[in-house]
Amino acid sequence: MELAFYLSGLVAVLATLGVITGRNPVHAVVYLIVSLIAVAMVFFALGAPFAGALEIIVYAGAIMVLFVFVVMMLNIGPDQDSDHTGWRHPRLWIGPSVLAAVLLAVMITLLVRGDMAGAIDGELLAARSVGLTLFGPWLVVVELAALLLLGALISASHVGRRSNPLRNRSGG
């Protein structure tokens, strides 16, 4: 399980470097998703399956939906969607593919060896303890975070609905 921890951590660091150095937002998001899945595997290796599942569902899933939402809000026209920079070229997808293959190999190795129960020493993080902590002493903070996210969603919707003043000019 320690090998899985270290390999997943290495993949997370390399994928995060891909996010930082990426020139194209699509590739940066793909590297970000690989990084988040690697962090989820680190959580699994540490004996926190609930945190790992939340990492995959909330972050990796939500990032994809958010990215699609932003692309839809930007309203990229056909002239801006041309492939003149070659961002869809297969050589640009080798990095995320290799990192994801390493994560897949680590996971398959763990499943074949049956070493899933041998987590690194620590306390098991269960869903019940997370729920009792979040909705116990941290209830006000959780509610304030929810209101902040709701305000951000409304603001993004409002900004996205504004018409572009350059598009409304009649060419004079």
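Basis of the calculations
Residues numbered from 1 in each chain as written. Predicted model: local features only at pLDDT ≥ 70, side-chain atom pairs only at ≥ 80, totals over all residues. Heavy atoms only, no water. Helix = DSSP H or I, 4+ residues; strand = E, 2+ residues; numbered from the N terminus. Buried < 20%, exposed > 50% of the residue type's maximum accessible area, 1.4 Å probe, protein only. Contact = heavy atoms within 4.5 Å. Areas by Shrake-Rupley, 256 points an atom, 1.4 Å probe, with all protein chains shown as cover. Core = buried A, V, L, I, M, F, W, Y, C linked by side-chain atoms within 4.5 Å. Axes fitted to C-alpha atoms, helices over the stretch in contact; angles between N-to-C directions. Parallel < 35°, antiparallel > 145°, perpendicular 65-115°, else oblique. Left-handed = near helix turned anticlockwise from the far one by under 90°. Phe/Tyr/Trp six-rings, centres within 6.5 Å; stacked < 30°, edge-to-face > 60°. Patch = residues over 30% accessible without salt bridge, like charges linked within 9 Å, V, L, I, M, F, W, Y side chains within 5 Å. Salt bridge = Lys/Arg side-chain N within 4 Å of Asp/Glu carboxyl O. Nonpolar A, V, L, I, M, F, W, Y, C, P; charged D, E, K, R; others polar. UniProt positions renumbered as here; feature names shortened; annotations may be inferred. Expected span 1.5 Å × (residues − 1). Arc of directions from axis to C-beta.

## What to know about the overall build of the chain
Then, number 1: In terms of helices and strands, the chain carries six helices and zero strands.
Then, number 2: Going from the N terminus to the C terminus, the chain shows its helices and strands as α-α-α-α-α-α.
Then, number 3: Across the 172 residues in the chain, those meeting the buried criterion constitute 20%.
Then, number 4: For the chain, contacts bridging at least 24 residues in sequence account for 73% of all contacts bridging at least 6.
Then, number 5: In the structure as shown, the chain presents an accessible area of about 12200 Å², 71% of it carried by carbon and sulfur atoms.

## With respect to the nonpolar core
Then, number 1: Of all hydrophobic cores here, the largest spans 14 residues; its most connected members are Val11, Val34, Leu99 and Leu103.
Then, number 2: Mapped onto this core, the elements with two or more residues apiece are helix 1 (2-21), helix 2 (25-45) and helix 4 (94-113).
Then, number 3: Counting residues per element, this core draws most heavily on helix 2, at five residues.
Then, number 4: Setting aside residues up to four positions removed in sequence, Leu99 forms contacts with Val11, Leu14, Ala15, Tyr31 and Val34.

## A few points about the packing of helix 1 against helix 2
Then, number 1: Between helix 1 and helix 2, whose axes approach to 8 Å, the crossing angle comes to 160°. Judged by the angle between their axes, helix 1 and helix 2 are roughly antiparallel. Of the two possible hands of crossing, helix 1 and helix 2 adopt the one that is left-handed. Seen from helix 1, the contacting residues are Phe5, Ser8, Gly9, Val11, Ala12, Ala15, Thr16, Gly18 and Val19; seen from helix 2, they are Ala28, Tyr31, Leu32, Val34, Ser35, Ala38, Val39, Met41, Val42 and Ala45.

## Quick notes on the packing of aromatic side chains
Then, number 1: Across all of its chains, the model carries one aromatic pair by this definition.
Then, number 2: Aromatic pair Phe5 and Tyr6: ring centres 5.2 Å apart, planes at 70°, arrangement edge-to-face.
Then, number 3: Here Tyr6 falls in the exposed class, since its relative accessible area comes to 56%.

## Concerning a nonpolar patch on the surface
Then, number 1: The grouping of Leu66, Phe69, Val70, Val140, Leu144, Leu147, Leu150, Leu153 and Ile154 at the surface amounts to a nonpolar patch, some 850 Å² of accessible area in total.
Then, number 2: At the level of elements, helix 3 (49-74) and helix 6 (139-161) are the ones that each hand at least two residues to the nonpolar patch.
Then, number 3: With six residues, the single largest contributor to the nonpolar patch is helix 6.
Then, number 4: Along the chain, Ile154 falls in helix 6.
Then, number 5: Accessibility expressed as a relative area gives 51% for Ile154, which makes it exposed.

## Notes on the packing of helix 1 against helix 4
Then, number 1: Where helix 1 meets helix 4, the closest approach of the two axes is 10 Å, and the angle between their N-to-C directions is 165°. When the axes of helix 1 and helix 4 are compared, the pair comes out roughly antiparallel. For the crossing formed where helix 1 meets helix 4, the hand is left-handed. Along its contact with helix 1, which presents Ala4, Leu7, Ser8, Val11, Leu14 and Ala15, the element helix 4 presents Leu99, Val102, Leu103, Val106 and Leu110.
Then, number 2: Looking at the contact of helix 1 with helix 4 residue by residue, the class counts come to 10 nonpolar, one polar and no charged.

## Some points on the UniProt feature "transmembrane region" (unreviewed entry) in the chain
Then, number 1: As annotated by UniProt and renumbered to match this structure, "transmembrane region" (unreviewed entry) occupies residues 28-49, 56-77, 92-112 and 132-156.
Then, number 2: The span residues 28-49 carries 86% helix and 0% strand; its end-to-end C-alpha distance comes to 26 Å.
Then, number 3: In the segment residues 132-156, helix accounts for 84% and strand for 0%; the C-alpha atoms at its two ends are 32 Å apart.

## What to know about helix 1
Then, number 1: The terminal C-alpha atoms of helix 1 lie 29 Å apart, and with 20 residues this matches the ideal 28 Å at 1.5 Å per residue to within 8%.
Then, number 2: Taken residue by residue, helix 1 has Ala4, Ser8, Val11, Ala12, Ala15 and Gly18 as its buried positions. What you see down the axis of helix 1 is that its buried residues fit within an arc of 120°, all on one side. In this structure, helix 1 carries Glu2, Leu3, Tyr6, Ile20 and Thr21 as exposed residues pointing more than 90 degrees from its buried face.

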